[in-house]
Amino acid sequence: MDKLIIEGGVPLTGVVHVSGSKNAALPILMGSILLDEPVTYTNVPDLRDIRTTFKLLELLGCPNAFENGQVTVTPGALSPEAPYELVKTMRASVLVLGPLLARLGEARVAMPGGCAIGARPVDLHLSALEKMGARFDLEDGYILGRCRKLNGAHIHFDFPTVGGTENLLMAAALADGETILENAAREPEVVDLARFLIACGARIEGHGTSVIRIQGVPRLGGCTYRIMPDRIEAGTFLVAAGITGGELLLRHCPFTELEAVILKLQSMGMDITATPDGVLAKCGCPLRGADISTQPYPGFPTDMQAQIMALMCLADGASVVEESIFENRFMHVLELMRMGAQIKVSGHTAMVRGVSRLTGAPVMASDLRASASLVLAGLAARGVTEVRRIYHLDRGYERIENKLNAVGARIRREAE
């Protein structure tokens, strides 16, 4: 197990290249199950969750070869079982459920385990697939799904679930007839999945809105598809520029998809502009406090909550953070307080009072985005910060210490 040692207090300056999106790549890669021809993906990030997905696809009958951000998947004789040994390490594995039912008429997928940041129940996925003709049983910790053929249905989600929308998009692509998804998730990663499926021959309209219409087709073929840039990684680097008082140029930064984050950072005093060369972020004035409430897209993303809280710790005045998506996503608070932050949590709300400086300390990462917030705090802190359990960080950031060191940070990776 590794840890990061960070010597803080250095303004970051230079150019950062934003990697491909993990949250877009995972469902798109699992969409390979739907195809009857080879498919090539580019701009694929080299992350733990991505490597796990490759192993899962291999077991399901989709051999693949990954090198330098490009992977070719060759669907073959499919197997319906996604074993617990892989599913337990990555909750997104449940996204194979819809494609397997659409292609094979059966699926045996291990129930996802617990999640540090809160419950992520799959009941919305199952109830929607039942409306399309699937039947489910729970046996020895596995979801057993069966159907003769999925049929189009009119589905209204109680909550705009990202995973549920993605699972149903893939299932409906090969179903008989039309499927309508109401109150569908509008996240850019859902749009990227829809664009990929369309490139393979699917008939989809309305992606990016709350109502998506899918006309099922008999088959889907292969294509070459480029994964969108990672908006959460990009947002993390924007905060890195602000928290260190530096200046970073982000290449391949999804500016429009980050509007809610950029507007909030600008309100705190950062200067962020789109240029022909990329997105330029700098902070030359004192930061101001701000209030946020996490919401489904296009609102402020829950995946940026921990990172902007690290910035708020050094902003003048008070800030209020309301977490409305996950019930247990303030676990980074106690670690930030170990570094001198002043934060008070009440239920789903955190009150942050800015301090003049943070001080390096040993801290423990509890989840992916909490890890990023502690790295950001360490970049700004006086002294040395040790961030432990960074296997969380490696799930969503492609060797983040290398990118940060290239723009002036002083970080090294060591074995614990």
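Please explain the sheet that holds strand β20 (residues 342–346) as it appears in this structure.
Two orientations exist for strands paired in a sheet by backbone hydrogen bonds: parallel and antiparallel. Strand order in the open sheet made by the four strands is β18-β19-β21-β20, with mixed pairing throughout. Of all strands in the sheet, those with a lone pairing partner are β18 (291–293) and β20, marking the two edges. Strand-to-strand twist in this sheet, taken as the mean axis angle between neighbours without regard to direction, amounts to 10°. Helix α10 (residues 305–312) contacts β18, β19 (318–322), β20 and β21 (349–353) of the sheet and is inclined by roughly 170° relative to β19.

Sorry if this is basic, but what is going on with the sheet that holds strand β24 (residues 410–415) here?
The four strands lie next to each other as β22-β23-β1-β24, forming an open sheet whose pairing is mixed. In this open sheet, the two strands that pair with only one neighbour each are β22 (362–364) and β24. The sheet shows a mean angle of 25° between the axes of neighbouring strands, taken without regard to direction.

Teacher, can you tell me more about the packing of aromatic side chains here?
For any two aromatic rings, the description comes down to two numbers: the centre-to-centre distance and the angle of the planes. Inspection of every chain in the model, using the stated rule, returns three aromatic pairs. A centroid spacing of 5.5 Å and a plane angle of 50° characterise the contact between Tyr-41 and Phe-196, whose relative ring orientation is tilted. A residue pair is termed long-range when its members are at least 10 positions apart, and Tyr-41 in strand β3 (residues 39–42) and Phe-196 in helix α7 (residues 188–199) qualify at 155 residues. Considered together, Tyr-41 and Phe-196 belong to a single accessibility category, that of buried residues. Ring geometry for Phe-54 and Phe-66: centres 4.9 Å apart, planes at 50°, overall tilted. Placement of the pair is Phe-54 in helix α2 (residues 48–60) and Phe-66 in strand β4 (residues 64–67), with a sequence separation of 12 residues. Note on accessibility: Phe-54 and Phe-66 belong to one class, buried. Ring pairing ties together the aromatic residues Tyr-41, Phe-196 and Tyr-225, which thus form one cluster.

Help me out: how do you make sense of the environment of Leu-56 in this one?
Take Leu-56: it is sitting in helix α2. The exposure class of Leu-56 is buried, given its relative accessible area of 1%. In this structure, the C-alpha to C-alpha distance between Leu-56 and Lys-344, residues 288 residues apart in sequence, is 41 Å. Those residues in contact with Leu-56, other than ones at most four positions away along the chain, are Ala-82, Pro-83, Leu-86, Ser-93 and Val-96.

Which parts of the structure should I look at to understand the confidence of the model for the protein chain?
In low-pLDDT segments, the atomic positions of the prediction should not be examined closely. In the predicted model, the protein chain carries a mean pLDDT of 94, and the fraction of residues at 70 or more is 98%. Every residue in residues 114–119 scores below 50 in pLDDT, and together they form 16 contacts with partners more than four places removed in sequence or on other chains.

The rules behind each value
- Sequence positions are assigned chain by chain, starting from 1 and proceeding in written order.
- Totals for whole chains, interfaces and linings use every residue, but because this is a predicted model, local features are given only for residues with pLDDT of at least 70 and side-chain atom pairs only at 80 or more, for both listing and counting.
- Side-chain numbers here rest on the full set of heavy atoms in the structure, without hydrogens or water.
- Think of it this way: DSSP has to see at least two bridges between two strands before they count as a pair.
- A run of DSSP states H or I qualifies as a helix once it reaches four residues; a run of E qualifies as a strand once it reaches two. Both are numbered from the N-terminal end.
- Axis definition: a line fitted to C-alpha atoms, over the contacting stretch in the case of helices. Angles run 0 to 180 degrees between N-to-C directions.
- By definition in these notes, contact holds between two residues if any of their heavy atoms fall within 4.5 Å.
- Here a pair means two rings of Phe, Tyr or Trp (six-membered ring of Trp) with centres within 6.5 Å. Their orientation is stacked below 30 degrees between planes, edge-to-face above 60, and tilted elsewhere.
- Note on exposure labels: buried denotes an accessible area under 20% of the residue type's maximum, exposed denotes more than 50%, and partly exposed covers the range between, all computed with a 1.4 Å probe on protein chains only.
- For every residue, the predictor states its confidence as a pLDDT score lying anywhere from 0 to 100.

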